[in-house]
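The lines below spell out each chain.
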Amino acid sequence: MGKTKITVNRLGLGTNKVGGYNLFVHLDDETGKKVVQTAIDHDIEMIDTAFVYGLGHSEELIGEVLQKNDRHKVILASKGAHQVSEDGTLSLNNTPEFLTKSVDESLRRLQTDYLDVFYIHFPDEDTPKAEAVGALQRLREAGKIRAIGISNFTLDQVKEANADGYVDLVENQYSLLQQKEMAEMIPYLNEQHMTFVPYEPFAGALLTGRYTQDNLPHLEEGDYRLNIDLYQSDQLKKNVAKVDLLKPIAASYHATVAQIVLAWYFKNPKLGPVIPGARTPEQLLSNIKATDIQLSTADYEAIAKIFA
Ligand SMILES: NC(=O)c1ccc[n+]([C@@H]2O[C@H](COP(=O)([O-])OP(=O)(O)OC[C@H]3O[C@@H](n4cnc5c(N)ncnc54)[C@H](OP(=O)(O)O)[C@@H]3O)[C@@H](O)[C@H]2O)c1
């Protein structure tokens, strides 16, 4: 990861559906804990969480599971930057004081004395970026974190944040359906030895192949996908049509569309660990099977062409 000596497997676990009750509906704590335990049982290393997933609740649930396992087997990544005011509204704070306090609070909730990665979850408007990252560098020197990450930063913001060369990982939205935004940044990150962690690799389930032209997603009130361009009616049908083209390729590997999508990310040398979310242990177990797929170069290129 980045300029550290830490290595990590290509398949990780995203946990905004473990305890992220403020972001998603129909979540259940016990199932969430089972998802995390299943990941550990199957040697998944990177577990990606954040304060804002349940305002600490995701971290607490993961902390409970970690107590029953060997902490050192896991590459634990959390994020902070959201400040909760007395009336419950969220704002962003990247000041050294706030980030330092955020790391201490994440450690307490996760019941551990170090984080493998701490990301600044979103940039704030005021704090000089290198100053914010400098605070994380001091936390690294103090042994509280092992690698420094930033998330949702633009390319200019990444350059500013990495002025002293301390940033190891950048986590931004990226999927087969959302490549344009990162077209300039990914080569830059590769060149500068920063690891790129794509988030929402299934574009929030669109790339799992579960939808068809006759069965488009019905988004309930409160579903964040209502605000995403990919899910607006004019684009949705076109996106589902592209995903449909993956079905024969997936079938030729006796795999699901979701597994073939993951296999494509694993074969892409520009990407770091991929952290699909899973609502249930069954979804995760299916995603784990993708690590056995050897995608041919011809199919890798054919898939790239569909989504170019
Ligand atoms: N840094 C950031 O700002 C940021 C932002 C967003 C996410 N993230 C991180 O990235 C992770 C991944 O993003 P995400 O979870 O939002 O989206 P995602 O990985 O694109 O999609 C996850 C969803 O896909 C469906 N799914 C997963 N495996 C499946 C399978 N095998 N078969 C069928 N459906 C399957 C599930 O949908 P259902 O729930 O509908 O069943 C699951 O909730 C998050 O968990 C979080 O850790 C980071």
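Residues numbered from 1 in each chain as written. Predicted model: local features only at pLDDT ≥ 70, side-chain atom pairs only at ≥ 80, totals over all residues.

Caption draft 1: Representation of the site of the ligand within the structure. Taken together, the neighbourhood of the ligand is formed by 27 residues, with G14, Y199, F202, G277 and Q283 sitting nearest. In terms of residue class, the shell around the ligand is made up of nine nonpolar, twelve polar and six charged. (Near = placed C-beta within 6 Å. Nonpolar A, V, L, I, M, F, W, Y, C, P; charged D, E, K, R; others polar.)

Caption draft 2: The arrangement of the packing of helix α2 (residues 57–67) against helix α3 (residues 96–110) in detail. Contact pair α2 / α3: the axes reach a minimum separation of 7 Å and the direction vectors enclose 50°. Judged on the interaxial angle alone, α3 and α2 are oblique. Between α2 and α3, the residues in contact are E59, E60, I62, G63 and L66 and S106, R109 and L110, respectively. Its residues placed into classes, the contact of α2 with α3 shows three nonpolar, two polar and three charged. (Axes fitted to C-alpha atoms, helices over the stretch in contact; angles between N-to-C directions. Helix = DSSP H or I, 4+ residues; strand = E, 2+ residues; numbered from the N terminus. Parallel < 35°, antiparallel > 145°, perpendicular 65-115°, else oblique. Contact = placed C-beta atoms within 7 Å.)

Caption draft 3: Fine view of α3. Along its 15 residues, α3 runs 21 Å from first to last C-alpha, staying within 8% of the 21 Å computed at 1.5 Å per residue. Those residues of α3 that fall on the buried side of the exposure criterion are L99, S102, V103, S106, L107, R109 and L110. For α3, the buried positions fall inside an angular range of 165° around the axis, keeping them on one side. Across from the buried face of α3, at angles greater than 90 degrees, the exposed residues are E97 and D104. Those residues of α3 that are buried are in contact with α2, β3 (75–80), β6 (115–120), α4 (129–141) and β7 (145–151). Looking one or two residues past α3, Q111 carries a phi angle of roughly 55°, positive in sign. (Expected span 1.5 Å × (residues − 1). Buried ≥ 20, exposed ≤ 12 C-beta atoms within 10 Å, placed from the backbone. Arc of directions from axis to C-beta.)

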